[in-house]
Structures are given as C-alpha cells and as structure tokens.
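Results of the structural survey
One-letter residues, chain by chain:
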Amino acid sequence: MTTENTLLKNAKTVPTILLSNALSMPMIGLGTWRLNRNPTDVIYDAIDVGYRHFDCAHIYRNEAEIGKAFKDLLQKGVIKRGDIFVTSKLWNTFHEPSLVRDACETTLKNLCIDYLDNYLIHWPMAYKEGNELYPKDENNKFIASSVDYVDTWKAMEPLVDEGLCRTLGLSNFNMQQIGRILKVARIPPSNLQIECHPYLNQTDLMEFCKSYNMVVTAYSPLGSPSSPYSKPGKYPILQNPKVLEIADKYKKTAAQILIRYQIDRGNVVIPRSASKDHMLENFSLWDFSLKADDIQALNQLYFGGRYMIMADAQGHPHHPFADEF
C-alpha cells in the first residue's frame, strides 16, 4: 500500500476539466473494460494509487464487482462519494425509451452508488430488446431494433432532472449523429467518448466537439491489445519508432507519452490497466508536458487506424463508422 500522504497527493495532483454544466471531471481515469483480474481488487489498488475517475459500462459485466469496492471504501471512509467521478453507459439493448430508467437504476444498484456523474449512450445502434446483450438470429447475425437514438436521448434527460445522473454524453457517435442530438436536446451532451490515439487522432472530431462545448474522452489511448479485431498499422502504437524516440527524449515510457499526448491536447484519457504497477506508471504524468512539435509528430502518425470497429453491427443504419468521423 502507498502511504496516506502519497495517496492524497496523487489524487490532488490530477488536473480537472469543466464540463458544460460546470461539473469538474478528472483528466485521467481508469478504464474497466476486460480487466484480467478481480475488478474489486483493481479498484482498491486504483484508489490507493490516486485514481478518482472510473469509466464503467453495463456491457463490461463487472459493475457489481466494482460496486463492491466502492461500497466498502465509502463505508470505511477511505473516500467520500464526492471524491470520485463515475461514468457508465447505456447498452444497445436498452435504447427503447421505456427501458432507459430501469437500465440506469440497475447500473446504480450494481455500482452501489446513488447517482452517476456521467451517463453515456454507449453506441448509436439499438439492438433488439431482451435478455441477450448481443442478440443474434439463426445465421449469427445481430438483430437490430428500430429505436432511434434521438428518442433514447430524450428518455435520458429526465434522469438528470431526477438526480440519477449529473451529466449526459455520447460514446462512439460521429458528427452527423451528434448533430441530430444537438438539434433536439433540452440537456445537450457534455462529453463524447471515442477511440483516440496517434493512429486515429480524431483532430476534426475534437474541433467539432470544442465548438459545441463538449469535452472529449479518449479510450484505447495505448492502442487496444484486448480488441477482438485485427490490429491496424505496421507497429503496435507502444512499439512505434516515433513514439519510442519521443519517450527516450523525455525519459518516459511509451505509455506515459501516449497518455500525456491526450492530456496536452485537452482530452480526458482513460487507460485501462489491472496491474497496480502499470496504474502507477500511467498515473505518473505530472512532471512533464509534451512540446508542440512532439504533439505534431505524433499527430502525423495518423492513418485512420481504428481498433474498435464493432464489426458485428456493420450494416446497422446507425453504425457510426460508415462516415469518416
């Protein structure tokens, strides 16, 4: 265990960014997808390191284990609810407006908290409602629902009114889809979570979000070794010669360079790690920043390389990656 003084110092060191409703969001968080050890223990270690921002989702199927740690740490007074920022996401089978509130309440029950700081529509595609999270037909093809994500958004807004969520956002939406939400939103989205790294630097989408006062959260900032799809590029990002060159220049690891790349561009970043040593490495970012020419060099690695292509849902009318952005 780190000392209490170190824990407090680490937590206080993390910069925050203001969302459109003036809610402060820590600029680094812990991704919780496909953790390769007990999620409860991962959260204990993350809190000890200093993480206070946790990115969760119903489809990760580990919110109950994460909630066990939250409940224990809150009851023991190690943290207060206001100390942590918790994001979760509405899964595709719950887009039907009548299902939205129950889905949110299930997440809250599993996480053992009374409200979410941030609740996102995980993907714009709606799947057939029911118990199967990935509903498929006899030919192993996904079964779509006809629900429009615009109607889903309208059903999410009352969650803020009722105190179940503090702010709302989107995940894996393209510009056109975001625009449709903005046209009808009583509560505009304050956050867009997207895959972002030098191979897919998302510069245009970042500028679009900035123009609408939406904060970008970068997932898979180190590439995505756990992605089930083929990996783009000649090199894994962590082994790219330019990344390694810049890491050597700053005497940092490739992972630290890639995480700092997001923060220095103004993005929140949520690297995933189940290892406490890697959590510490990923969190040790506050004694340096990247120079503009190094950020530009990383930007130039762009070739549209995407790890999370959601191949099973290709052909869905709301699949977001038919359009470039």
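The rules behind the values
- Residues numbered from 1 in each chain as written.
- Predicted model: local features only at pLDDT ≥ 70, side-chain atom pairs only at ≥ 80, totals over all residues.
- Heavy atoms only, no water.
- UniProt positions renumbered as here; feature names shortened; annotations may be inferred.
- Helix = DSSP H or I, 4+ residues; strand = E, 2+ residues; numbered from the N terminus.
- Rg over C-alpha atoms; globule rule 2.2 N^0.38 Å.
- Buried < 20%, exposed > 50% of the residue type's maximum accessible area, 1.4 Å probe, protein only.
- Contact = heavy atoms within 4.5 Å.
- Areas by Shrake-Rupley, 256 points an atom, 1.4 Å probe, with all protein chains shown as cover.
- Lys, Arg positive; Asp, Glu negative; His and termini not counted.
- Charge placed at Lys NZ, Arg CZ, Asp CG, Glu CD.
- Core = buried A, V, L, I, M, F, W, Y, C linked by side-chain atoms within 4.5 Å.
- Salt bridge = Lys/Arg side-chain N within 4 Å of Asp/Glu carboxyl O.
- Pairing = 2+ DSSP bridges.
- Right-handed = clockwise from strand over helix to strand, strands pointing away.
- Polar contact = N/O pair within 3.5 Å; in protein donor to acceptor, adjacent residues only side chain to side chain.
- Axes fitted to C-alpha atoms, helices over the stretch in contact; angles between N-to-C directions.
- Left-handed = near helix turned anticlockwise from the far one by under 90°.
- Nonpolar A, V, L, I, M, F, W, Y, C, P; charged D, E, K, R; others polar.

The name an unreviewed UniProt entry assigns to the protein chain is NADP-dependent oxidoreductase domain-containing protein, from the organism Glossina brevipalpis. Comment text from UniProt for the protein chain, heading Sequence similarities (unreviewed entry), reads "Belongs to the aldo/keto reductase family."

1. Some remarks on the overall build of the protein chain
Within the protein chain, the regular secondary structure consists of 11 helices and 10 strands. Computed over its C-alpha atoms, the radius of gyration of the protein chain comes to 19 Å, within 12% of the 20 Å expected for a compact globule of 325 residues. With the C-alpha coordinates of the protein chain rotated into their principal frame, the extents come out at 50 × 50 × 40 Å. Put simply, the protein chain has 325 residues, and 57% of those count as buried. Look at the contacts in the protein chain between residues 6 or more apart in sequence, and 76% of them connect residues 24 or more apart. With an accessible surface of roughly 14,200 Å², the protein chain has 49% of that area assigned to carbon and sulfur atoms. Seen as two clouds, the 35 positive and the 37 negative side-chain charges of the protein chain have centres 4 Å apart.

2. Structural notes on the environment of Leu 164
The residue Leu 164 is located in the loop between α5 (149-161) and β7 (168-171) in this model. Expressed as a C-alpha distance, the spacing of Leu 164 and Met 214, which sit 50 residues apart in the sequence, is 21 Å. When near neighbours in sequence (up to four residues on either side) are disregarded, Leu 164 contacts Arg 101, Cys 104, Glu 105, Leu 108, Asp 114, Tyr 115, Leu 116 and Leu 159.

3. A look at the nonpolar core
Counting 100 residues, the largest nonpolar core has Phe 54 and Tyr 119 as its most contacted members. Every residue in contact with Phe 54, bar those within four places of it in the chain, is listed here: Leu 30, Ile 43, Ala 46, Ile 47, Phe 70, Ile 84, Phe 85, Val 86 and Thr 87.

4. Details of the UniProt feature "active site" (unreviewed entry) in the protein chain
Look at the UniProt record and you will see "active site" (unreviewed entry) annotated at Tyr 60. Turning to its location among the elements, Tyr 60 is positioned in the loop between β4 (53-55) and α3 (63-75). Aside from chain neighbours lying at most four places away, what touches Tyr 60 is Thr 32, Trp 33, Asp 55, Lys 89 and His 122.

5. Structural notes on the pattern of salt bridges
By the definition in use, this model includes 16 salt bridges. A salt bridge links Glu 162 to Arg 101; its shortest N-O distance comes to 1.8 Å. Remark: Arg 101 occurs in helix α4 (residues 97-111) and Glu 162 occurs in the loop between α5 and β7; sequence separation between them is 61 residues. Look at the salt bridges and you will find they share partners, linking Arg 81, Asp 117 and Arg 166 into a network.

6. With respect to the sheet that holds β7
Here we have eight strands laid out as an open sheet, ordered β3-β4-β5-β6-β7-β8-β9-β10, and parallel in their pairing. Two strands close off the open sheet at either side, each with one partner strand: β3 (30-31) and β10 (268-269). Across three bridges, β7 lies against strand β8 (residues 191-195) in parallel orientation. Within β8, the residue paired with Leu 170 across the bridge is Leu 192.

7. Here's the deal with the pairing of β7
Of the two faces of β7, the one carrying Leu 168 and Leu 170 and the one carrying Gly 169 and Ser 171 are both buried. With three bridges joining them, strand β6 (residues 118-121) and β7 adopt parallel strand pairing. Across the sheet, residue Tyr 119 finds its bridge partner in β7, namely Leu 168. Regarding topology, helix α6 (residues 175-184) serves as the crossover connection from β7 to the parallel β8, and that connection is right-handed.

8. A few points about the side chain of Thr 32
Its location among the elements puts Thr 32 in the loop between β3 and α2 (39-49). At 2.6 Å, the side chain of Thr 32 forms a polar contact with the backbone oxygen of Asp 55. Apart from the residues lying within four places of it in its own chain, the contact partners of Thr 32 are Asp 55, Cys 56, Tyr 60, Asn 62 and Ile 66.

9. Some details on the packing of α2 against helix α10 (residues 276-283)
Relative to each other, α2 and α10 sit at 35 degrees, their axes nearing to 10 Å. The two elements α2 and α10 meet at a crossing, and its hand is right-handed. Along its contact with α2, which presents Val 42, Asp 45, Ala 46, Asp 48 and Val 49, the element α10 presents Lys 276, Met 279, Leu 280 and Phe 283. Classifying every residue of the contact of α2 with α10 gives six nonpolar, no polar and three charged.

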